[in-house]
Number of protein chains: 4
Amino acid sequence: MIVVMSPHSTKGQLDHVVKLVEEMGLTSHIIVGTDRTVVAAVGDKRMLDKGALENAEGVEKIVPILSPYKVASKEVKQEKTVVRLSPSGALIGSNRIGVIAGPCSVEDRQQLLEVAAAIKEAGAIGLRGGAFKPRSSPYSFQGLAEKGLKYLAEAREKTGLAIVTELLTVSHVEMLCEYADVLQIGARNMQNFMLLKAVGEQSKPVLLKRGMSATMEEFLLAAEYIINAGNKNVILCERGIRTFEDYCRNTLALSIVPAIQRVSHLPIMVDPTHGTGHAFLVERMSLAAVAAGADGLVIEVHPDPQHALSDAAQQIDPQQFQQLMEKMRRVAAAVDRQA
Amino acid sequence: MIVVMSPHSTKGQLDHVVKLVEEMGLTSHIIVGTDRTVVAAVGDKRMLDKGALENAEGVEKIVPILSPYKVASKEVKQEKTVVRLSPSGALIGSNRIGVIAGPCSVEDRQQLLEVAAAIKEAGAIGLRGGAFKPRSSPYSFQGLAEKGLKYLAEAREKTGLAIVTELLTVSHVEMLCEYADVLQIGARNMQNFMLLKAVGEQSKPVLLKRGMSATMEEFLLAAEYIINAGNKNVILCERGIRTFEDYCRNTLALSIVPAIQRVSHLPIMVDPTHGTGHAFLVERMSLAAVAAGADGLVIEVHPDPQHALSDAAQQIDPQQFQQLMEKMRRVAAAVDRQA
Amino acid sequence: MIVVMSPHSTKGQLDHVVKLVEEMGLTSHIIVGTDRTVVAAVGDKRMLDKGALENAEGVEKIVPILSPYKVASKEVKQEKTVVRLSPSGALIGSNRIGVIAGPCSVEDRQQLLEVAAAIKEAGAIGLRGGAFKPRSSPYSFQGLAEKGLKYLAEAREKTGLAIVTELLTVSHVEMLCEYADVLQIGARNMQNFMLLKAVGEQSKPVLLKRGMSATMEEFLLAAEYIINAGNKNVILCERGIRTFEDYCRNTLALSIVPAIQRVSHLPIMVDPTHGTGHAFLVERMSLAAVAAGADGLVIEVHPDPQHALSDAAQQIDPQQFQQLMEKMRRVAAAVDRQA
Amino acid sequence: MIVVMSPHSTKGQLDHVVKLVEEMGLTSHIIVGTDRTVVAAVGDKRMLDKGALENAEGVEKIVPILSPYKVASKEVKQEKTVVRLSPSGALIGSNRIGVIAGPCSVEDRQQLLEVAAAIKEAGAIGLRGGAFKPRSSPYSFQGLAEKGLKYLAEAREKTGLAIVTELLTVSHVEMLCEYADVLQIGARNMQNFMLLKAVGEQSKPVLLKRGMSATMEEFLLAAEYIINAGNKNVILCERGIRTFEDYCRNTLALSIVPAIQRVSHLPIMVDPTHGTGHAFLVERMSLAAVAAGADGLVIEVHPDPQHALSDAAQQIDPQQFQQLMEKMRRVAAAVDRQA
């Protein structure tokens, strides 16, 4: 951390800052510049709230140097993390691009089995579907609950696809683990720290979606919570951020893919469905995500989007999905990835 | 809802849209304009996902007309909601501006009792303090848990202040209700719908903080979840939103105060501490919030901010708080409010 | 336009709104819904400020239906616009992806000729370079002015590359037209309407960069200014938008590429250099842009980025550019484009 | 500037960075921490593009320490700048809050004289009105041009109000100076550096509006351009920024008022009209701005907003303005300001 002193700060104020730095167990180096004096505070004390120094008189600002995440970073582990979705399942994080697809919500048994068969045929490795739905409005469809989980488990039996479903609350962990292979933490819960600890204390892989206004650092700190609690099988997922743009529901920030890959060993997928909010943008942004280096895609597919009970504007149908997969494989090959 | 047809859409496509609208139980009105044909779909079917129509061929876009919230709106209840913080406690939502203050985290008994006495003396009506802390980093101070709640309860006994503390997970509801008067839902949990339902199913007042990228509509829908579950005592709180600004931790969006008051009967407070992230901005933005019409303030006060374990850069000390309260009372009087 | 009346509005207020609508030369249709009455106002009066109706009593809000741009849209011209960069030059908007490259600023003759030869060899069709630099700080390098333009013209003679350079003020139009083939309007000037008219009144192609907080509608309206003034040769360019993200200088919003292509006939390029702000992100985001359907790329290339006088952190060197071009051609082929 | 080396960087890479730092004329201090080695580069070389170092191998990131603005900062001038709007006019930056009001556009002589008389009566010190209008759409009303300026000058003669009008292009400077007292640089031109230099080279005061996505640093750098060109009479104006919020046209970021006052000597006004975009929010946000410490307000007032040719949704009428002024004076008194 660097403490930047105000231009008109006094010797006494500088001494006080040095004292505070040393109380924190850090070593201080004073550098007198042409316009500013700065105090470099050296030492690894991630638990401290260094913002405290900002309150000392004569301090202009605090500049952090060290990233606050550690076990999610390449400093600690240089080789890429590869996550097996289920005991007999496929991998995310290898050279092969993995695609997880399925309806926004599990609506009925027939719908789900039909979609599962179609996406398996088209090359997906995982089936997604919400049984408990986090809807902005209490009046919207809230999901089939455990019945939806049973349908998902049945679809796995029939297709071999790994089952991915969202966890909404700590008390559901056990129930979800009974049916699902991968637990998803949704964007709205990325900083629900109790939930992060709970999925960290069990062993199924976790698909962690980026919060809609999360910085890269906050995203990696959320992964850090899970890893620290004991679970190394974390898959990150970019799903669009909230900006002023209004032609789309979210702005898909693809540059986070290479940016994450530079500092972290965790695999990162992209969700072009929530990442755009409109079915007509899904194919193009899927191809772009693969070209940007994503380790996989999460795509909503519904047998009849015009009658979907949730996320209807952004789901594609099985035929569109199959075409997307064919085009995606060509782009994957062009960037030396398998798919 | 208005369905806007594409300029080159066909008669068949229009007929199909009308059919979909009527399948939804809505009545359709076709209006042929100079550049566009639109279908106005009339009826109150908030549960439907009208986005489904966007997938129909020939549709350019869907324009919603009705706000999705209802019980939080003035349409349903015109008189202002006034919330009593505790059985013998003060009100939020009346002409009198209510101030809730206290440390970010409960750090120790002595610290808490000292602050409680000081803010009571300065005119606060509630004491805030975190016992379970939602920290971005797993390495940061995580709170004293139940011990912190006991200190809060002791402070209430000594001062009569209503106790406000944050709820992080459904399983803590009972424990918190034992000690606290008001349950706070933090910004990161504004769309944790399980938590919203849980606080809706008990009777203590709820302080609902705006999510850092929540629209006004999403904010009111979160309140709607709580009210629908049975609890009408909801207090809203603006606490800064995430934008590109970098001189502050969050951008305090004060115009949401009069905007909410135009459409909703719920009281709305402002948190200038998180809303700016810097102690030197807290006083000015407190005065601005009161001038903008806020029903109250939530302010972090720590006996020694330079040694605080969390949120250190943004807490003010008891003396600064007392000065703030004196200035605030003058501004309140200038806008015909008591304080 | 749809005028939504307040739930408690009166008959008199509705009549007044209808009168205002008709004063505007529009036809009104009243639709009485279950919760709201709306007035649909029909007619093409783009010049009117319909916001005026928001001030009428009893009005809740105004919902526009028609996009405000016209000549930039597919409604008026369905076939894609293809722009020839110079009389003997290559095309943007055809099936072939066009790449414009070169240094941020023209720094000296030797530097420029060296880069020009290198990018020509690697397959670029245009040479970019700033002679007048719009720098955030008055202390930063401001460009070589006309001397820089002469070097650019010399580079064209030697390589045949089309010359692209930024126009900063109306009085420079003539000078720039003497040397350059394509006039660039920078992001900071996207709503400098005098400049837009000025480039519209001459005949050289215009490369119009998206403003860093411009909506899609504002971006197309800026193009509309140029086309309306007489110049149809407009090339759009996405170059990153301002968001809360802090690992990059801007957030490259690639989904605007397919979104623009859905509503407009204008070609759209992508600038991954400004769009990310970091050299290590340029290659990946170039590939993603091509996969997303971009008609071309604008990339900063400097012979020695470690000593560049401007935008140093984001420029790549000629060798990195050549590798990028090779990879890009493979991705282009995978999406059935030439390059 | 601090150069942070990567955790696995080599001695040779560190030596190369030190060499680059010294080539820049800066002194280097190496600090070896527990997790990172950093190079502190000391010296005042604002003209350099220090980003160049980011390209050196082994560099993780560059952290600037010094703010890039200088003459706009308190480091150079501690006493507050007070600007006289016209030779016989009132001041901005003194203890007295100054209000500039008037229609968005000058529409006709009668309208303007009527509004001028009304706002003078209510206590305004300046009359604003656009003669050349920067409209997002080429189809919108573009202003009366020089005729509008003549009406403004006539209004000054009749009322003594200082005339404030927007400058759109360098070639208009002379014409505007003939009629107006204060030249306004609009939000869309905040980084039109040619225009900034042009107003810096003449002597009339400049009202510089914040760009809608400008950081505080960019805002002060724009002021720095003007001051550096020779004109010290710069008045800043916050007018709302672009965020995801959709209940308002812009998010009024009031905390920039105290934040600017902490680092700069320049006066800062607030424009609640553009800062919200809705007439019903103007009064409340005017009061909040004054409580936040603003040196003045810029407010759009139109005799008949329902028929305004531009910005119709956000203008208030003379009667509403008078009420606002009365309330504002009470808030001003409560924060020890005159009005």
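### Some details on the relation of the copies chain B and chain A
Under the fitted operation, chain B is carried onto chain A by 0.0 Å of movement along the axis and a turn of 180°, and the coordinates agree to an RMSD of 0.0 Å. Seen this way, the second copy is the image of the first under a two-fold rotation axis. Closest approach to the rotation axis among the C-alpha atoms of chain B is made by B:Ser213, whose C-alpha sits 3.1 Å away.

### Re the pairing of strand E11 (residues 206-209) of chain B
Residues and elements named next belong to chain B. In E11, alternate side chains face the same way, and those of Val206 and Leu208 on one face and Leu207 and Lys209 on the other are all buried. Summarising the sheet, strand E10 (residues 182-185) and E11 pair through three bridges and their orientation is parallel. The residue of E11 that forms the bridge with Ile185 is Leu208. Handedness of the E10-helix H5 (residues 193-200)-E11 crossover: right-handed. The sheet contact formed by E11 and strand E12 (residues 234-238) spans four bridges and is parallel. Bridging from a neighbouring strand, Leu208 pairs with Leu236 of E12.

### A short note on the interface of chain C and chain D
Taken together, the 57 residues of chain C in the interface contact 58 residues of chain D. The largest share of the area that chain C buries against chain D comes from C:Asn55, C:Tyr139 and C:Gln306, three residues that together contribute 16% of it. One can count two salt bridges joining chain C with chain D. Notably, a salt bridge pairs D:Glu218 with C:Arg242, separated by 2.6 Å at the nearest N-O pair. In terms of residue count, helix H6 (residues 216-228) of chain C provides more of the side of chain C that touches chain D than any other element does, five residues in total. When grouped by side-chain class, the residues that make up the side of chain C that touches chain D number 25 nonpolar, 20 polar and 12 charged.

### A few points about the side chain of D:Thr81
Here D:Thr81 lies in the loop between strand E4 (59-63) and strand E5 (83-84). Among the polar contacts listed, one links the side chain of D:Thr81 to the side chain of D:Lys77, at a separation of 2.5 Å.

### Comments concerning unusual backbone geometry
Look at A:Asp336: it is not a glycine, yet its phi comes out positive at around 60°. Mapped onto the elements of the fold, A:Asp336 is located in the segment after helix H9 (318-334). Phi at C:Ala145 takes a positive value of approximately 60°, unusual for a residue other than glycine. Inspection of the secondary structure assignment puts C:Ala145 in the loop between strand E8 (126-128) and helix H3 (146-159).

The rules behind the values
- Residues numbered from 1 in each chain as written.
- Chains lettered and ligands numbered in written order.
- Predicted model: local features only at pLDDT ≥ 70, side-chain atom pairs only at ≥ 80, totals over all residues.
- Heavy atoms only, no water.
- Least-squares fit on C-alpha atoms with pLDDT ≥ 70 in both.
- Buried < 20%, exposed > 50% of the residue type's maximum accessible area, 1.4 Å probe, protein only.
- Helix = DSSP H or I, 4+ residues; strand = E, 2+ residues; numbered from the N terminus.
- Pairing = 2+ DSSP bridges.
- Right-handed = clockwise from strand over helix to strand, strands pointing away.
- Contact = heavy atoms within 4.5 Å.
- Buried area = accessible area lost by both parts, 1.4 Å probe.
- Salt bridge = Lys/Arg side-chain N within 4 Å of Asp/Glu carboxyl O.
- Nonpolar A, V, L, I, M, F, W, Y, C, P; charged D, E, K, R; others polar.
- Polar contact = N/O pair within 3.5 Å; in protein donor to acceptor, adjacent residues only side chain to side chain.

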